[in-house]
Amino acid sequence: QVQLVESGGGLVQPGGSLRLSCAASGFTFSKYWWYWVRQAPGKGLEWVSVISTAGGITYYADSVKGRFTISRDNAKNTLYLQMNSLKSEDTAVYYCANSRYIRTTVVVTALSQYDNWGQGTQVTVSS
C-alpha cells in the first residue's frame, strides 16, 4: 500500500524556520523523483522544488530559492524540506509528491500530475 505522510508543519513567526518531512512506504523510494508543492489559502497549487533520485540534482521556484533546501534520505525513505527565513507568503499546505520520471513542468494544476502524493501539512507564518 502506497503511503506518503507529511509532518513538521506548524505555526512559526516571520524569519523563523521549519523542517518538513515526508515518510514514504509501499514502493521503492529511491527510484523516484520527489517534489514539494504548496497551496496557499484561496490560491492554486504552486510547484516549490524537485530532487533527483540520488539527490544530486535540485531545482527551486524563484520564490523560495536561497531560503528552502530539499533533501532526501533513501535509506530512511524520507524526503525533507528545510525552510528558513520564512515569510507570511509561505503560508500554505505543503504536499510531497513523486514521479518515476521527472516532470519538467513547473505548472501544477492537480496533484494527479504526479504518481503519488500525500495529504499535506499546514505551514502558517504569522506573528
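For the structure itself, consult the block above.
Residues numbered from 1 in each chain as written. Predicted model: local features only at pLDDT ≥ 70, side-chain atom pairs only at ≥ 80, totals over all residues. Heavy atoms only, no water.

Draft legend 1. Expanded view of unusual backbone geometry. Despite not being glycine, N77 shows a phi value in the positive range, around 55°. Residues other than glycine seldom take positive phi values, yet S85 does so here, at roughly 50°. Along the chain, S85 turns up in the loop between β8 (78–83) and β9 (92–99). (Helix = DSSP H or I, 4+ residues; strand = E, 2+ residues; numbered from the N terminus.)

Draft legend 2. Layout of the pairing of strand β7 (residues 68–73). Here β7 shows a clear split, with F68, I70 and R72 buried on one side and none of T69, S71 and D73 buried on the other. Pairing of β7 with β8 involves 6 bridges; the strand directions are antiparallel. Looking at β8, one finds that D73 is bridged to T78. Counted along the chain from β7 to the antiparallel partner β8, the turn is 4 residues long, and its residue N77 has a positive phi close to 55°. (Buried < 20%, exposed > 50% of the residue type's maximum accessible area, 1.4 Å probe, protein only. Pairing = 2+ DSSP bridges.)

Draft legend 3. Quick look at the nonpolar core. In terms of nonpolar packing, the biggest core is built from 38 residues, with W34, W36, F68, L79, L81, M83 and Y94 touching the most fellow members. Elements represented by at least two residues in this core include exactly β3 (18–25), β4 (33–39), β5 (45–51), β7, β8, β9 and β11 (121–125). Apart from residues no more than four positions distant in its own chain, L79 is found in contact with L20, S21, C22, F29, W34, Y35, W36, I51, I70, S71, R72 and C96. (Core = buried A, V, L, I, M, F, W, Y, C linked by side-chain atoms within 4.5 Å. Contact = heavy atoms within 4.5 Å.)

Draft legend 4. Just the state of the cysteines, in detail. The full count for this structure, using the stated rule, is 1 disulfide. Between the sulfur atoms of C22 and its disulfide partner C96 the distance amounts to 2.1 Å. On the sign convention where negative means left-handed, the S-S torsion of about 55° between C22 and C96 marks this disulfide as right-handed. Here C22, found in strand β3, pairs with C96, found in strand β9; they are 74 residues apart in sequence, far enough to count as distant. Taken individually, C22 and C96 each receive the classification buried, so the pair is uniform in this respect. (Disulfide = S-S within 2.5 Å.)

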